[in-house]
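An overview of the molecular structure
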Amino acid sequence: MIDKATPSPTAIGRVVATELKPATPHQFHFWTATETTVGIGAIVKVQGAGSTEQGAARVVYGVVTDGFAYSDLATPLHDVVGAEGDPARAADAPTARQEIRYWTAAVLRQTPEEPLQPVPLGQVFLADDADVAQALRMDAFLYSATPTAIPIGLYTSAGREAPVYLDADFLIGPEAAHLNISGVSGLATKTSAVEFLLASIFAHFPPHKGRVAAVCFNVKGPDLCFLDQPGNLSDEDRRRYDRLVVPAQPFERVKLYAPLKADGVNLNTLRTHPDLVGDVEPLTWGLQEVVDYAEVLLNRDDIDAKADAFIDFLRDRVLGRTFDDGFGGTHRVQSFADLDRLFRSIFDGLEITAGGRSDTWRTHHIATMRKVRNRLLNISTRCKGLVTDDGPASDLPWTEFEDRTVYVIDIANVDPLGQDLVFARVVSKLREQLERRELGVDAVVVFVDELNKYAPGDGPDTYVKKMLLDISERGRYLGLVLFGAEQFRSQVHRRVVGNAGTQVFGRMDMDELATPGYQVLTPATKSKLATLPIGELMVRHPHFTQPIFVRFPKPPVLRGRDGVERFPPAADVPFDDAVVRQLVRLDRRIRPNQVKDLIADREQDDVRRALAATRRTRPDDPLAYFRKVLGSRVAAEVPPAAPREHRAVQPLNPISDEPY
């Protein structure tokens, strides 16, 4: 019995080469029938005739970058004369003019790859799933012994639908790393694309590469505040999730952090609905947490070398140590309040002991000390709620990051100075912990939106810009990966976008496409970019020799504006109710009246310190611990900080103007 042969695919066109437009090793032209499914972005396969020395015919894969339509007219005048100047009579011509579709394609891959030769004049076929994998060189990491494929979307051109994968070694590192996504606001789905890609990474991150987590900075309204809540998905979206083998469900492990408001008890976030606010952890830092970031917090035009020397003296000789001020007073500086008392003691000592004649203390001039005092204490005023004057801090779980967990830090409503502080400290701590291999995970994806603001191509070299440059240039060796998004790629620092191994483009503005960075794209590709529908992206990846258009499903999480409508933010509650709410989070058995009776007629600062100590300690009986701490000054409950050697937070290598 003879087995039936697999039917061969039908050719849709044929390569054509002329003296003016020849076929080259990098580009070819082909014609198709007038009615065809081929369009810009379609992947095609050219089957050469004959065979090579290896025994197989040469196969060339290409992506369509431009298209033309031709007829046998020499000039438009011939058509006008033939219709006697009446367009309505043009269709009544006795003979229909011949029309062809003529396409230009850029070569994606040739097999065999050596020797590199011009594209043969063979038949053209539409690419199927296997052809797409071959054309985009995905077979190397998709079918290897240790696959590293991470789905990013579906190739849906020419009536076909094939999964497109990124190589985890080139997305997360160490071969290359980082992702940058550009597009106009509201239509490019930048945040949605990153949310889907994070879900895909969590589902497909290779086991041999270890554990992975994500840290997302929410800088716009409620964008990232509801990643743990399910969104509305259509049947088509669910089918695409099944096709990409990614669970169509919200993130299972999400930890949210937000600073407190100025009152010290209400959270400064839009996720304050009674049903959800219990999952938000306060983010508050004290003097010990922020003193190493004076470069971020202080005006560099006003703080000179003398002030820097005095700040270093405070770090190395004063903070966390028992210190004699030289006037008979002993201090242990652990908070901004303690620091203020030290300064007052020094100034009073100079005034009383020296009779106002001495203006120097420990070789530091009094004017320098007053300037540093004003700047440091101003931090706790401008960033009130994020930076606490007194009491213990509430921080991220350094050394205890969990696998496949998203850590959202909501700083949308924080002062710009506070935002810079959060960026600098969180990224520095991530880098430090990854260097020591003590973070708890092997790789961290850091998502930062609005790169136009935080890493602009012009303007001063701020500390935050230096941090982002440092991640993009050296973070991949540590497992620190930057996912950045912006509206205008041309206005972001060239070293930040240039070091992104994967670049994604949503719908673009025509003015942006006219900048020099997009001159490598054909006019047809630019036109498609300017009209991309929501949910479709153009992807550039080290394995792809040409940009590829893909479509991704809607993220399975609740969008920010939908979350605010479904879970309206609650109004700020009175002080005692806010204290009750935070204690009930720790133990649901606590009755509100118990707490309100306990804090009645007590100073609010004492209550805040006791509440912060209870949150930090998380005892088995929160109410009993809160009652015990409230009965005395909380400072006594805080273990004294061990003397520590100051480690200045500097980039791994000095930042220079060298573009490479």
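These numbers were taken from a predicted model, which means no experiment stands behind them. (Residues numbered from 1 in each chain as written. Predicted model: local features only at pLDDT ≥ 70, side-chain atom pairs only at ≥ 80, totals over all residues. Heavy atoms only, no water.)

The next subject is the overall build of the protein. The secondary structure content of the protein amounts to 22 helices and 22 strands. Once the C-alpha set of the protein is aligned to its principal axes, its extents read approximately 110 × 60 × 55 Å. In the protein, which comprises 660 residues, the share counted as buried stands at 52%. Total accessible area on the protein stands at roughly 30,300 Å², and carbon and sulfur atoms take up 49% of it. Looking at charge distribution, the protein has the averaged site of its 79 positive side-chain charges lying 3 Å from that of its 90 negative ones. (Helix = DSSP H or I, 4+ residues; strand = E, 2+ residues; numbered from the N terminus. Buried < 20%, exposed > 50% of the residue type's maximum accessible area, 1.4 Å probe, protein only. Areas by Shrake-Rupley, 256 points an atom, 1.4 Å probe, with all protein chains shown as cover. Lys, Arg positive; Asp, Glu negative; His and termini not counted. Charge placed at Lys NZ, Arg CZ, Asp CG, Glu CD.)

To continue, consider a nonpolar patch on the surface. A surface patch of nonpolar side chains, amounting to about 350 Å² of accessible area, comprises Trp31, Phe68, Tyr70 and Ile100. Note that tryptophan 31 resides in strand 2 (residues 27-32). Assessed through its relative accessible area of 41%, tryptophan 31 is described here as partly exposed. (Patch = residues over 30% accessible without salt bridge, like charges linked within 9 Å, V, L, I, M, F, W, Y side chains within 5 Å. Salt bridge = Lys/Arg side-chain N within 4 Å of Asp/Glu carboxyl O.)

Turning our attention to the environment of leucine 377. Among the secondary structure elements, leucine 377 is positioned in helix 11 (residues 366-382). Leucine 377 has contacts with Phe336 and Asp340, leaving out every residue within four places of it along the chain. (Contact = heavy atoms within 4.5 Å.)

All right, on to the domain arrangement of the protein then. As far as domains go, the protein holds domain 1 (13-86 + 96-135), domain 2 (163-283 + 398-563), domain 3 (288-382) and domain 4 (573-630). Centre-to-centre separation of domain 1 and domain 4, based on C-alpha positions: 73 Å. (Domains from an automatic or database assignment.)

This part covers the side chain of aspartate 470. By secondary structure assignment, the location of aspartate 470 is in helix 14 (residues 463-474). What makes aspartate 470 buried here is its relative accessible area of 3%. Separated by 2.6 Å, the side chains of aspartate 470 and arginine 431 make a polar contact. (Polar contact = N/O pair within 3.5 Å; in protein donor to acceptor, adjacent residues only side chain to side chain.)

Right, let's get into the packing of aromatic side chains. By the definition in use, this model includes 18 aromatic pairs. Ring centres of phenylalanine 310 and phenylalanine 343 lie 6.0 Å apart, and the angle between their planes is 55 degrees; on these two criteria the pair is classed as tilted. Of this pair, phenylalanine 310 sits in helix 9 (residues 305-318) while phenylalanine 343 is found in helix 10 (residues 336-353), placing the two residues 33 residues apart along the sequence. Across this residue pair, the class does not change: phenylalanine 310 and phenylalanine 343 are buried. Centroid distance phenylalanine 323 to tryptophan 361: 6.0 Å. Interplanar angle 70 degrees. Geometry classified as edge-to-face. With phenylalanine 323 in strand 13 (residues 322-324) and tryptophan 361 in strand 15 (residues 360-361), the pair connects residues that are 38 residues apart, well separated along the chain. Since its relative accessible area comes to 6%, phenylalanine 323 is described here as buried. (Phe/Tyr/Trp six-rings, centres within 6.5 Å; stacked < 30°, edge-to-face > 60°.)

Here the focus is the confidence of the model for the protein. For the protein, per-residue confidence averages 83 on the pLDDT scale, and 90% of positions sit at 70 or higher. Mean pLDDT across the elements of the protein bottoms out in helix 8 (residues 294-297) (70) and peaks in strand 17 (residues 406-410) (94). This stretch, residues 1-6, has a pLDDT under 50; its non-local contacts, to residues over four places away or in other chains, come to 0 contacts. Scored below 50 in pLDDT, residues 633-660 shows 59 contacts in the model against residues more than four places distant or in partner chains. (pLDDT = per-residue confidence, 0-100.)

The next thing to look at is the sheet that holds strand 6 (residues 123-126). Ordered by their spatial adjacency, 6 strands build a closed barrel running 1-2-5-4-3-6, and the pairing between neighbours is antiparallel. When strand polarity is set aside, the average angle formed by the axes of neighbouring strands in this sheet is 40 degrees. Where strand 3 (residues 43-47) lies against strand 4 (residues 59-71), 5 bridges are found, and the strand directions are antiparallel. Opposite valine 44, over in strand 4, you have glycine 62 as the bridge partner. (Pairing = 2+ DSSP bridges. Axes fitted to C-alpha atoms, helices over the stretch in contact; angles between N-to-C directions.)

With that settled, the discussion passes to the pairing of strand 7 (residues 149-155). Among the 7 residues of strand 7, 7 are classified as buried, and the element is accordingly described as predominantly covered. Examined bridge by bridge, strand 7 and strand 8 (residues 162-167) share 6 bridges and lie antiparallel to one another. Bridged to proline 151 within strand 8 is tyrosine 165.

Packing of helix 19 (residues 575-586) against helix 20 (residues 592-599) leaves a shortest axis separation of 9 Å and a crossing angle of 125 degrees. By the angle class used here, helix 19 and helix 20 are oblique. For the crossing formed where helix 19 meets helix 20, the hand is right-handed. Judged by residue contacts, Asp576, Asp577, Val579, Val580 and Leu583 of helix 19 engage Pro592, Val595, Lys596 and Ile599 from helix 20. In the contact of helix 19 with helix 20, the residues fall into 6 nonpolar, no polar and 3 charged. (Parallel < 35°, antiparallel > 145°, perpendicular 65-115°, else oblique. Left-handed = near helix turned anticlockwise from the far one by under 90°. Nonpolar A, V, L, I, M, F, W, Y, C, P; charged D, E, K, R; others polar.)

Right, let's get into the pattern of salt bridges. With the rule as written, the count across this model stands at 32 salt bridges. A salt bridge links arginine 271 to aspartate 279; the nearest nitrogen and oxygen atoms lie 3.5 Å apart. The class of arginine 271 is buried, set by a relative accessible area of 1%. Taking the relative accessible area as the measure of exposure, aspartate 279 reaches 41% and is therefore partly exposed. Connected through shared salt-bridge partners, Arg431, Asp470, Glu473, Arg474 and Arg495 make up one network.

With that settled, the discussion passes to helix 19. Over its 12 residues, helix 19 extends 18 Å from the first C-alpha to the last, a length consistent with the 16 Å expected when each residue adds 1.5 Å. Burial in helix 19 covers these residues: Phe575, Ala578, Val579, Val580, Gln582 and Leu583. Turning to helix 19, the residues buried within the fold contact strand 12 (280-282), helix 20, helix 21 (604-617) and helix 22 (622-630). (Expected span 1.5 Å × (residues − 1).)

Another point: the environment of arginine 615. Within the fold, arginine 615 resides in helix 21. Arginine 615 gets classed as buried once you look at its relative accessible area, which sits at 10%. In contact with arginine 615, not counting residues within four places along its chain, are Leu260, Pro282, Thr284, Gln582 and Leu586.

To continue, consider the packing of helix 9 against helix 11. It is the contact of helix 9 with helix 11, at a shortest axis distance of 9 Å, that shows an interaxial angle of 70 degrees. Classified by the interaxial angle, the pair formed by helix 9 and helix 11 is roughly perpendicular. Judged by the sense of rotation from one axis to the other, the crossing of helix 9 with helix 11 is right-handed. Taken together, the residues of helix 11 that come into contact with helix 9 (itself represented by Lys306, Ala307, Phe310, Ile311 and Leu314) are Thr368, Met369, Val372 and Leu376.

To continue, consider the nonpolar core. Residues Phe28 and Phe483 are the most contacted members of the largest nonpolar core, which totals 90 residues. Element by element, the count of residues in this core is highest for helix 5 (residues 190-204), at 8 residues. Among the nonpolar cores identified, the runner-up in size contains 74 residues, and Val291, Phe423, Val448 and Val496 belong to it. (Core = buried A, V, L, I, M, F, W, Y, C linked by side-chain atoms within 4.5 Å.)

Pairing of strand 4 with strand 5 (residues 99-111) involves 12 bridges; the strand directions are antiparallel. Residue pairing in the sheet places valine 63 in a bridge with alanine 106 of strand 5.

On to helix 20. Within helix 20, the full set of buried residues consists of Val595, Leu598 and Ile599. Taken down its axis, helix 20 places every buried residue within 85 degrees of arc, on the same side. For helix 20, exposure combined with an orientation more than 90 degrees from the buried face picks out Asn593 and Asp597. Structurally, helix 20 contributes buried residues whose contacts are with helix 19, helix 21 and helix 22. Following helix 20 by one or two positions, aspartate 601 adopts a phi angle in the positive range, close to 65 degrees. (Arc of directions from axis to C-beta.)

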